[in-house]
Amino acid sequence: MNIPGIMTGGITEIRYHKLRAFLTLIGIILGTGSIIFMTSMLNGIVLSVWDGFNALGYDGVMYVVQKPPKDSIERARFAQSVGLRPDDAVILMSRKELVTDVAPVQYSNLMLANVGAPLEARVAGVTPAYEDVRKRHVAFGRFFNENDMRSFAKVCILGHRLRLRLFGTDDPVGRDVSLNGGQFKVIGVGEKLGNQYVNDEDFIEEMEGAYIPLTTLRKYFAGEDSSLAYIAVKTKSYKSLPIVQAEIAASLSAAHHGVGDFKVENIAQEMLKQRDEVEVIVFNWQVVLGTIAAISLLVGGIGLLSVMIISINERLYEIGMRKAIGATDLEIFLQFMVESVTLALTGALIGVGVGLGLVKWLEKFFPSGLPIDWMGVLWAIGVAVSLGLGFGLYPALKASRLAPVEAMRAV
């Protein structure tokens, strides 16, 4: 059995009927191209959504916030406590078996100016831990360090939007701005927060505001006796969030002499629920898009079957003549299977090329990029080849079982 000759004959037959082969390939090209395009699009959207979730800075984070009194009795009790203070953050940080880091935060509305008229901005007093706990990194420049905290340094980090309002596209790092009349040096600019899939009002407020060291804010603006806005606590384990929440509450309750003037918000647990809901939605979309692509490939397979049957009817004399001069049933069968698989594989490769080209062109519209799902590429090629084998089986069997004399008489 001459396998190379069989393959050459099958491929030559396709080359002699280019238009028919191309029309046969259209369905497979569209099917494989749609698989590549849709899986990459879905991956790009999912990546942007996860980037948006990560930018929220709530993963594994719990908030300790002030609890307002409900009545006069609670108001009298709460008066016995000094509220949330930086010392509370130190107490929580001592629970290293439960938490990774702690970031106390305090706000003040200050008048901020460069050279023009001053504008009011929300200024957050934070510690160096804030960068990692809330994932608030700088686009350029640097974040605060312990030296800035100890020396009550008059330095600031501008939000993405505030930088544009004060300096335009100029680099503000190293230049001075005025905060309530005091001169502060800009040491960094915050990253742009959020995207078209995940946005939040806090993102806008942070990008239109600024950060300064917490010690500086309390010394020059808010006062040493003022209360914090909240304490962000980064937990070590997602598996025991309710236990960690109870331990944080117990530690602060003892520090506040049993006065319940605070509450612990388990934002990390809520984030897990939201992520689970998004994963269900993504899975449903994968099923829908996969079904659409599978139907498209199935239509291409049916077209392949039709063309192969037509090809057999046109080549009855050739089949009969080959059998008459000694070709076996297996050789005839393999010839038509080679033609079917070659058509399917060619269509798949062209479809993959079209899909990848479209993905590369659309990538510029996605800030997080459009990652190519190479498993999806292999799956698309594999399905197309399987269709070539499956839909080529009947025509190949039909051709191989033709009797030489009957085939030649049918012409």
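Placed above this text is the structure.
Notes on the structure follow. Because the structure is predicted, anything quoted here is derived from the model rather than measured.

What follows is about the pairing of strand β3 (residues 119–126). For β3, a buried count of 6 out of 8 residues is recorded, marking the element as mostly surrounded by other parts of the structure. Across 7 bridges, the pairing between strand β2 (residues 99–113) and β3 is antiparallel. Paired with leucine 112 across the strands is leucine 119, a residue of β3. Connecting the antiparallel pair β2 and β3 is a turn made up of 5 residues. As judged from the 4 bridges shared by β3 and strand β8 (residues 210–213), these two strands associate in the parallel manner. Paired with glycine 125 across the two strands is isoleucine 212, which belongs to β8.

Attention shifts here to the packing of helix α13 (residues 329–362) against helix α14 (residues 374–400). One way to put it is that α13 packs onto α14 with a least axis distance of 7 Å and a crossing angle of 155°. In terms of orientation, α13 and α14 fall into the roughly antiparallel class. Considering only the axes of α13 and α14, their crossing is right-handed.

Looking now at the pattern of salt bridges. Side chains bearing opposite charge may pair, as long as their charged atoms lie close to each other. Applying the stated rule across the entire model yields 8 salt bridges. Across the pair arginine 95 and glutamate 247 runs a salt bridge, and its minimum N-O distance is 3.0 Å. Highlighted residues: arginine 95 in the loop between α4 (86–93) and β2 and glutamate 247 in helix α10 (residues 241–255), separated in sequence by 152 residues. A residue is classified by how much of its surface remains accessible, and arginine 95, at 24% relative accessible area, is partly exposed. The partly exposed category is assigned to glutamate 247, whose relative accessible area is 30%. Several salt bridges share partner residues, and in doing so they unite Asp59, Lys135 and Arg275 into one network.

Rules and cut-offs
Residues numbered from 1 in each chain as written. Predicted model: local features only at pLDDT ≥ 70, side-chain atom pairs only at ≥ 80, totals over all residues. Heavy atoms only, no water. Buried < 20%, exposed > 50% of the residue type's maximum accessible area, 1.4 Å probe, protein only. Helix = DSSP H or I, 4+ residues; strand = E, 2+ residues; numbered from the N terminus. Pairing = 2+ DSSP bridges. Axes fitted to C-alpha atoms, helices over the stretch in contact; angles between N-to-C directions. Parallel < 35°, antiparallel > 145°, perpendicular 65-115°, else oblique. Left-handed = near helix turned anticlockwise from the far one by under 90°. Salt bridge = Lys/Arg side-chain N within 4 Å of Asp/Glu carboxyl O.

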